[in-house]
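# Structural overview for review
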Amino acid sequence: MGIRAEAPLQTALTTLYRNRKMLLGLVGGVCRECGTPQFPKSDVCVNPECGAVHSQDDYEFADQPARVKTFTGDMLSVSVDPPNIYGMVEFENGGRFMADFTDCTLDEVKVGLPMQMTFRRRVVDMERGFSSYFWKAKPVPGAAVEADKVDFSGRVAIITGAGGGLGRAYALELARRGAKIVVNDLGSARDGSGKGSATPAEKVVKEITDAGGEAVANYDNVATPEGGENIVKTALDAFGRVDILINNAGILRDKSFLKMEPENWNAVIAVHLKGAYNVTRPAFRVMKENGFGRIIMTTSAAGLYGNFGQTNYSAAKMGLVGFMNVLKLEGAKYNIKVNTIAPLAASRLTEDIMPPEIFEKMKPEYVVPMVAWLCSDQCEVSGQIFNAGMGYYSRAAIMTGRTVALGDNDNLPTPEDIHKKWDDINNMEGAKELYDLNAAMMDLLTGGASDTAEPEKADTADISPKDVFEMMPQAFKPEAAAGVDVVFQYVLDGPRGGEWYVAVKDQKCEVRSGMADKPTCTIKMTDDNFIRLITGKLDPMQAFSSGDLVVEGDIMKSQLIEKLFTLK
């Protein structure tokens, strides 16, 4: 970058003359054979698949659109005001090179930030008495602000129940930010009755298209599998993909429980819970193929906390939380994030439930920012519940208190034992979230993990992890390994740590150092804690709950270790 091969006795004028096109015009080369731009121009094409010789024509980079590819801030560089910011700039029409960044702070620079080239003084040579100049990269004006904006350009969103209220508000906002929208609405009454109408969906589509966006209407009923398939098909036929799904459609049929006829129960379950299944299943299939997806479930405070006269609605809404908890696991490897919104907003479902003065303040637009963020590429959370309404936002979570261990196989606990320990069992101090069923089972099995006493320190100086793994074949119990086929991978931090794996198959045990290709589960901990655990000084369940022991993969198979080996 900059002045190349400059001899100490050269002057500014001779340097400028020798490299005038490169320095003044930021002129590099483009290969006539393969079209690959490069800077500076060279005799051999930089494209390894081309390698053409003397094939370079002039190519000016100064006016080419560019973006930040990589960057760093160098505190040790010679700079008037460290850090000196520099990195790789990649041009949209091809080519890249290292450049200093100017007119910005390190906090303002991000990968993908649009940049433009500007001719600036590079350094002042006090010894020879002249300044050298070269091109630097500076952010396009306003680009840093624009880079922080949530943008849905190129994304396709399906929004059910989008003919009014929250659904309409979601559709308008995502369309305004570049998404192509499928506006689904059956157009029925609030309780789901009637033949339906195309008018609500068509009105929202017209609002979007009049504003310059793209949208299509769909009038299928989410309560049927065929309706769900057709909604997704509408997106594929119109736009070729599905990236975002907001399950917003809903009806109300409120009655006290004894007056809740099966028809009213089934109708509400069909729209809210089955409806989410009917649309999500075909959408999830498309998202999995594309390696991207954002799915929003809609729960309610009635589902999370209960509300008189809404057993059908509350059951459906809490069912959606369970639905989310599984999809977050099944979608994780495909970059499909699934979250749930609990909105408090004015709609036809709430217009005669809330007091008028509160209803006026419950604009759907207060809920929209949270949903838009959860639908964005930038959002990385999955499996979470958020309350939103009237400008207030919070997260809701299912929490589990600490375990209280009672009895054993020879002395089973009694109702009286439960009564005696009721305050401890009911105590939510130190409660925590649990990610999945395996974590919940492990937490339940912690037995005496509620005991907060400091664990006894073990003298681990006389034994190392390496010693333990050398002893494991002798400690193996083949009679306990019938039908067992597992590979335990150990990753131990610390000066005596390392990597070992233990393979058990056909009632035989093999211990090797290094990493296994496909371990059943991976156990991670420090070398000292590993020795404490092996010598019985550290309870495995307690270590797991405290984070001293991390188990990845099939967590339940890790419980076989104690059955298969006698090491204490």
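Our structure's up above, just so we're on the same page.
Fair warning: this is a prediction, and the values are worked out from it, not measured in the lab.

### Looking at the overall build of the protein chain
Across its full length, the protein chain carries 18 helices and 21 strands. Each of the 568 residues in the protein chain was classed as buried or not, and the buried ones make up 42%. Pairs at least 24 residues apart make up 64% of the contacts formed inside the protein chain by residues separated by at least 6 positions. For the protein chain, the exposed surface amounts to about 30300 Å²; the carbon and sulfur share of it is 52%.

### Thoughts on the sheet that holds strand β9 (residues 156-159)
Paired through backbone hydrogen bonds, the strands of a sheet run either parallel or antiparallel to each other. Strand order in this open sheet of eight strands is β11-β10-β9-β12-β13-β14-β15-β16, and the pairing throughout is mixed. Of all the strands in the sheet, just β11 (214-218) and β16 (392-396) have a single pairing partner and so form its edges. Here the average twist between neighbouring strands, direction ignored, is 20°. For strand β15 (residues 385-389) and β16, the ladder comprises five bridges, and the chain directions are antiparallel. The residue of β16 that forms the bridge with F386 is R395. Running at roughly 175° to β11, helix α5 (residues 199-210) makes contact with β10 (180-184) and β11 of the sheet. Against the sheet, helix α6 (residues 225-239) makes contact with β9, β10 and β11, and its axis sits at roughly 150° relative to β11, the strand it touches most.

### Examining α5
The end-to-end C-alpha distance of α5, which contains twelve residues, comes to 16 Å, matching closely the 16 Å that a straight helix rising 1.5 Å per residue would cover. Within α5, burial applies to A201, V204, V205 and I208. Buried residues along α5 cover an arc of 100° about the axis, so they all sit on one side. The outward face of α5, more than 90 degrees from its buried face, is lined by the exposed residues K203, K206 and D210.

### What to know about the sheet that holds strand β20 (residues 521-526)
Read from one edge of the open sheet, five strands run β19-β18-β17-β20-β21, paired in mixed fashion. Looking at which strands have only one partner, the edges of the open sheet turn out to be β19 (508-513) and β21 (550-553). Going from strand to strand, the sheet's axes swing by 20° on average, the running direction of each strand aside. Bridging between strand β18 (residues 498-505) and β19 involves six bridges; their strand directions are antiparallel. Each bridged residue has a counterpart across the sheet, and for K505 the counterpart in β19 is K508. Of the strands in this sheet, β17 (486-493), β18 and β19 are in contact with helix α15 (residues 465-475), which crosses β18 at around 15°.

### Notes on a nonpolar patch on the surface
A contiguous nonpolar patch, built from L24, F119 and Y133 and spanning about 270 Å² of accessible area, is present on the exposed surface. Here Y133 is to be found in strand β8 (residues 130-139).

### Considerations on unusual backbone geometry
Residues F39 and P40 are joined by a peptide bond in cis, for which omega reads -5°. Structurally, P40 can be placed in the loop between β2 (37-38) and β3 (56-60). The backbone of N335 sits at a positive phi, close to 60°, despite the residue not being glycine. Here N335 is to be found in the loop between α9 (311-330) and β14 (336-343). The class for N335 is partly exposed, based on a relative accessible area of 26%.

Quick notes on the rules
Residues numbered from 1 in each chain as written. Predicted model: local features only at pLDDT ≥ 70, side-chain atom pairs only at ≥ 80, totals over all residues. Heavy atoms only, no water. Helix = DSSP H or I, 4+ residues; strand = E, 2+ residues; numbered from the N terminus. Buried < 20%, exposed > 50% of the residue type's maximum accessible area, 1.4 Å probe, protein only. Contact = heavy atoms within 4.5 Å. Areas by Shrake-Rupley, 256 points an atom, 1.4 Å probe, with all protein chains shown as cover. Pairing = 2+ DSSP bridges. Axes fitted to C-alpha atoms, helices over the stretch in contact; angles between N-to-C directions. Expected span 1.5 Å × (residues − 1). Arc of directions from axis to C-beta. Patch = residues over 30% accessible without salt bridge, like charges linked within 9 Å, V, L, I, M, F, W, Y side chains within 5 Å. Salt bridge = Lys/Arg side-chain N within 4 Å of Asp/Glu carboxyl O.

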